[in-house]
Amino acid sequence: MISGILFLFNSGGPVVVVLAAISVVALTMSLYKIWQFAVNRVGRHKVALQAIDLWLENSRQEAYDMVASHRSPLSKVVAHAMRGLTHANTNIAAVREDVTRVALAELHELRRYLRGIEVIAQSAPLLGLLGTVIGMIEAFNKLAASGTAVNPALLAGGIWTALLATAMGLGVALVFSTLGAWFESIVENERSVVELTMTGFFAHRIADDQGRDFGDVTKIETKRPVHAN
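Residues numbered from 1 in each chain as written. Predicted model: local features only at pLDDT ≥ 70, side-chain atom pairs only at ≥ 80, totals over all residues. Heavy atoms only, no water.

Draft legend 1. View of the overall build of the protein. Check the secondary structure of the protein and you find eight helices and zero strands. When its helices and strands are written in sequence order, the protein yields α-α-α-α-α-α-α-α. For the protein, with 229 residues in total, the buried portion stands at 34%. Sequence-distant contacts in the protein: of pairs separated by 6 or more residues, those separated by 24 or more amount to 77%. (Helix = DSSP H or I, 4+ residues; strand = E, 2+ residues; numbered from the N terminus. Buried < 20%, exposed > 50% of the residue type's maximum accessible area, 1.4 Å probe, protein only. Contact = heavy atoms within 4.5 Å.)

Below is the structure:
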């Protein structure tokens, strides 16, 4: 296996070495993303949704305890919202703004290294094409130097070496563009769930507050004196 790898490097030239190096970097980042999503329970929303139901049923301590010990991004955002709403004289607008900040921080963490994977996936075909062009230049240079005694094997070998870089670049791009799109879809789904869940959570809270305000207005209206015509 090692001899095959050394033969590949010797045949493909420095561009193949660069492609191999960036593929190792992209693989490392991809494995990190898989580990990160697994440890942080990305996509696990059941606990947070159950906690919100308990909160709206006024079982607030039990609801907070559920999300406080859960590692998913949605649970962390919900727990932060619950802490903000438990303070006296809470300004809901301020709480929503702070919750948005926490949600953006969680999503930023989930997007870490995705840009790097995307850049490698986009750069790999270009590097492969560069290797092909360099290999073709070398092949035709040898052909020109050989004069009238043209050796077809020499030309075929140079072309094979040149096309090797393109094949490797396309392979690297195919693998990591697919992985990058998969990671991006996971993060986008998490963003949508957090946004929709927290909008509904705060909308319910605001509706309760507005209901109490309407009740106060009704009481004020009943106290107004009635003037006879």
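So much for the structure itself; the text now carries on.
Draft legend 2. Inspection of the pattern of salt bridges at higher detail. This model, assessed by the stated rule, comprises six salt bridges. Glu-109 is the partner of Arg-112 in a salt bridge, and the nearest nitrogen-oxygen pair spans 3.1 Å. Note that Glu-195 is salt-bridged to Arg-191, the shortest N-O span being 2.6 Å. Here Glu-195 pairs with Arg-191, and both are found in helix α8 (residues 152-222), just four residues apart, close to one helical turn. Through salt bridges with shared partners, one network takes in Glu-188, Arg-191 and Glu-195. (Salt bridge = Lys/Arg side-chain N within 4 Å of Asp/Glu carboxyl O.)

Draft legend 3. Main features of the packing of helix α3 (residues 46-56) against helix α4 (residues 60-68). Remark: α3 packs on α4, axes separated minimally by 8 Å, with the N-to-C direction vectors making an angle of 165°. Regarding the angle of α3 to α4, the classification is roughly antiparallel. The crossing of α3 and α4 is left-handed. Along the contact surface, α3 presents Val-47, Ala-48, Gln-50, Ala-51, Leu-54 and Trp-55, while α4 presents Arg-60, Glu-62, Ala-63, Met-66 and Val-67. Taken together, the residues of the contact of α3 with α4 sort by class into eight nonpolar, one polar and two charged. (Axes fitted to C-alpha atoms, helices over the stretch in contact; angles between N-to-C directions. Parallel < 35°, antiparallel > 145°, perpendicular 65-115°, else oblique. Left-handed = near helix turned anticlockwise from the far one by under 90°. Nonpolar A, V, L, I, M, F, W, Y, C, P; charged D, E, K, R; others polar.)

Draft legend 4. Region of interest: the nonpolar core. Val-78, Met-82, Met-198, Phe-201 and Phe-202 are the most contacted members of the largest nonpolar core, which has 24 residues in total. Considering each element in turn, this core owes the most residues, seven residues, to helix α5 (residues 73-86). Leaving out residues up to four positions away in the same chain, Val-78 has contacts with Ala-48, Ile-52, Val-67 and Met-198. Ranked by size, the runner-up nonpolar core spans 23 residues in total, among them Ala-20, Leu-114, Ile-120 and Phe-183. (Core = buried A, V, L, I, M, F, W, Y, C linked by side-chain atoms within 4.5 Å.)

Draft legend 5. Expanded view of the packing of aromatic side chains. Per the stated rule, a full pass over the model turns up six aromatic pairs. Their ring planes at 35° and their centres at 5.3 Å tell us that Trp-182 and Phe-183 sit as a pair that is tilted. Look at Trp-182 and you get partly exposed, because its relative accessible area is 44%. Taken together through their ring pairs, the aromatic side chains of Tyr-32, Trp-35 and Tyr-113 make up a single cluster. (Phe/Tyr/Trp six-rings, centres within 6.5 Å; stacked < 30°, edge-to-face > 60°.)

Draft legend 6. Representation of the environment of Pro-14 within the structure. Mapped onto the elements of the fold, Pro-14 is located in helix α2 (residues 14-39). Counting along the chain gives 151 residues from Pro-14 to Ala-165, while the straight-line C-alpha distance between them is 9.5 Å.

Draft legend 7. Molecular detail of the layout of surface pockets. The volume enclosed by the largest pocket comes to roughly 240 Å³. Along the walls of the largest pocket sit 13 residues, with Thr-100, Ala-103, Val-194, Glu-195 and Met-198 positioned nearest its centre. Those elements giving two or more residues to the lining of the largest pocket turn out to be α6 (92-110) and α8. Residues of the lining of the largest pocket, tallied by class, amount to eight nonpolar, two polar and three charged. (1 Å grid on protein atoms, 1.4 Å probe; cavity = no way out; pocket = protein on both sides within 12 Å on 5 of 7 lines; lining within 4 Å. Points joined across faces, edges and corners; volume = space filled by probe spheres on them.)

Draft legend 8. View of the side chain of Thr-132. Relative to the helices and strands, Thr-132 resides in helix α7 (residues 114-145). Judged by its relative accessible area of 10%, Thr-132 is buried. Aside from chain neighbours lying at most four places away, what touches Thr-132 is Ala-162, Leu-163, Ala-165 and Thr-166.

Draft legend 9. Region of interest: α2. Between the first and last C-alpha of α2 there are 38 Å, a value that for 26 residues agrees with the 38 Å anticipated at 1.5 Å per step. Among all positions in α2, only Val-15, Val-16, Leu-19, Ala-20, Ile-22, Ser-23, Ala-26, Met-29, Ser-30, Lys-33, Gln-36 and Phe-37 are buried. Looking at the residues trailing α2, positive phi occurs at Arg-41, about 55°. (Expected span 1.5 Å × (residues − 1).)

Draft legend 10. Local environment of the confidence of the model for the protein. Of the residues in the protein, 78% have a pLDDT of 70 or more, and the chain-wide mean is 82. Per-element averaging of pLDDT across the protein places helix α1 (residues 2-12) at the bottom with 59 and α2 at the top with 93. Contacts from residues 210-229, a stretch scored under 50 in pLDDT, to residues over four places away or in other chains number zero contacts. (pLDDT = per-residue confidence, 0-100.)

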